[in-house]
Amino acid sequence: MRRTRFASHLKSIAGIALGSAIFAFGLNAFTISNGLAEGGLTGIALMFNYLFGIPPGWFLLAANGPLLILGWRTLGGRAMIMTVVGTVLSSVLIEALAFLRTTPMDDTLLAALYAGAAIGTGLGLIFRFGGTTGGVDIVARVVNKYRGTSMGRTMFMIDAGVIALSMLTYLDTERAMYTIVSLTVAARVIDFVQETAYSARMVLIVSDRIDAIAHRILHELGRGATIIQSRGAYTNAERPMLYCVVARNEVVHLKAIIMAEDPTAFVVISDAHDVHGEGFTLDEEKRPIR
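Thresholds applied
- Residues numbered from 1 in each chain as written.
- Predicted model: local features only at pLDDT ≥ 70, side-chain atom pairs only at ≥ 80, totals over all residues.
- Heavy atoms only, no water.
- Helix = DSSP H or I, 4+ residues; strand = E, 2+ residues; numbered from the N terminus.
- Pairing = 2+ DSSP bridges.
- Axes fitted to C-alpha atoms, helices over the stretch in contact; angles between N-to-C directions.
- Contact = heavy atoms within 4.5 Å.
- Expected span 1.5 Å × (residues − 1).
- Polar contact = N/O pair within 3.5 Å; in protein donor to acceptor, adjacent residues only side chain to side chain.
- pLDDT = per-residue confidence, 0-100.
- Salt bridge = Lys/Arg side-chain N within 4 Å of Asp/Glu carboxyl O.

### Focus on unusual backbone geometry
- A positive phi angle, near 65°, is found at Asn-236, a position not held by glycine.
- With respect to the helices, strands and loops of the structure, Asn-236 is situated in the loop between β2 (226-231) and β3 (238-246).

### Describing the pairing of β2
- When β2 meets β3, the two strands line up antiparallel, connected through 6 bridges. Looking at β3, one finds that Ile-228 is bridged to Met-241.
- Counted between consecutive antiparallel strands, the loop separating β2 from β3 contains 6 residues, among which Asn-236 sits at a positive phi close to 65°.

### Details of the sheet that holds β2
- If you walk across this open sheet you meet the 4 strands as β2-β3-β1-β4, and the pairing is antiparallel. Where the open sheet ends on each side, the last strands, each with one partner, are β2 and β4 (266-272). With direction set aside, neighbouring strand axes in the sheet form an average angle of 25°.
- Bridge count between strand β1 (residues 200-206) and β3: 6 bridges; the pairing is antiparallel. Bridge pairing in β3 places Arg-201 opposite Val-246.
- Set on the sheet, helix α10 (residues 210-221) makes contact with β1, β2 and β3; between it and β3 the angle comes to about 15°.

### Examining helix α6 (residues 108-128)
- Between its first and last C-alpha atoms α6 spans 30 Å; for 21 residues at 1.5 Å apiece the expected length is 30 Å, and the two agree.
- The backbone nitrogen of Leu-109 lies 3.1 Å from a side-chain oxygen of the residue at the head of α6, namely Asp-107.
- At the C-terminal side of α6, Gly-130 shows a positive phi close to 90°.

### Focus on the side chain of Glu-95
- Looking at the secondary structure, you find Glu-95 in helix α5 (residues 77-96).
- Here the side chain of Glu-95 touches Arg-101 through a polar contact of 3.4 Å, side chain to side chain.
- Those residues in contact with Glu-95 that sit more than four places away from it in its chain are Pro-55, Pro-56, Gly-57, Trp-58 and Arg-101.

### What to know about the confidence of the model for the chain
- On average, residues of the chain carry a pLDDT of 84, and 86% of them reach 70 or more.
- Of all helices and strands in the chain, the one with the weakest mean pLDDT is helix α4 (residues 65-75) (72), whereas α6 scores best (93).

### Regarding the pattern of salt bridges
- Tallying each qualifying case throughout the model produces 7 salt bridges.
- Its salt-bridge partner being Glu-250, residue Arg-223 comes within 2.9 Å of it at the nearest N-O pair. Taken together, the residues Arg-223 in the loop between α10 and β2 and Glu-250 in the loop between β3 and α11 (251-261) connect sequence positions 27 residues apart.
- The network of salt bridges with shared partners includes Arg-209, Arg-216, Glu-220 and Glu-261.

See the structure below:
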């Protein structure tokens, strides 16, 4: 058990390190090089860098103290350790990769898109492995824990305030608009990277051929299914409803099964995020899928 826990910690640290490197790369190569801004504490660090020449990585490392205390009180011991790892690694790597702050790209819009994709991927990996880069990442994680609000959405709201402050100090309107593009892309990529590992499709089926459909789902797709007794509000008639969760690439096959068995079936397919359990994160013997 202790060895398994140690291996899990090493995997998390490796994931956070990779995410920190991608984040630092995107910040240096696209954001700073092209004179764009950022949100949160990183945006404030860039503001001090543009105005006073203070290295952003060292500013972040020094300014995260109070927020790390907040994280310690609300996120718990393991989460706090991973937060410290993410904060230190990202701050150090920002300065280690400072040589990437070269000449700006000819197409600023393209630079903004690349910045959003790289920074979003990096932060998404850090969050997915249980860490943060400090700053408002801690605030976003606390809000996600207690309110269930998307971390990307929370960060975007805070970022907007920092961008407004940047515009009052050093950022011109054109680059502010490009920065908003970058932040929007980053927010979407953060959510995608966190959810994509075990995302799937949730399916509800109402049909008179439920047993036949369920049989084919079990044997052709290898997925479990649950039959629920339901009652129509208008007709007051009781009919069985089938509930199942399938992988994204199995949806087409599932639709073919339903159409073959009952073309008049009522079907609802929706996104299912963060799916855990047999077939997704556990094998048939209830062991984690590596």
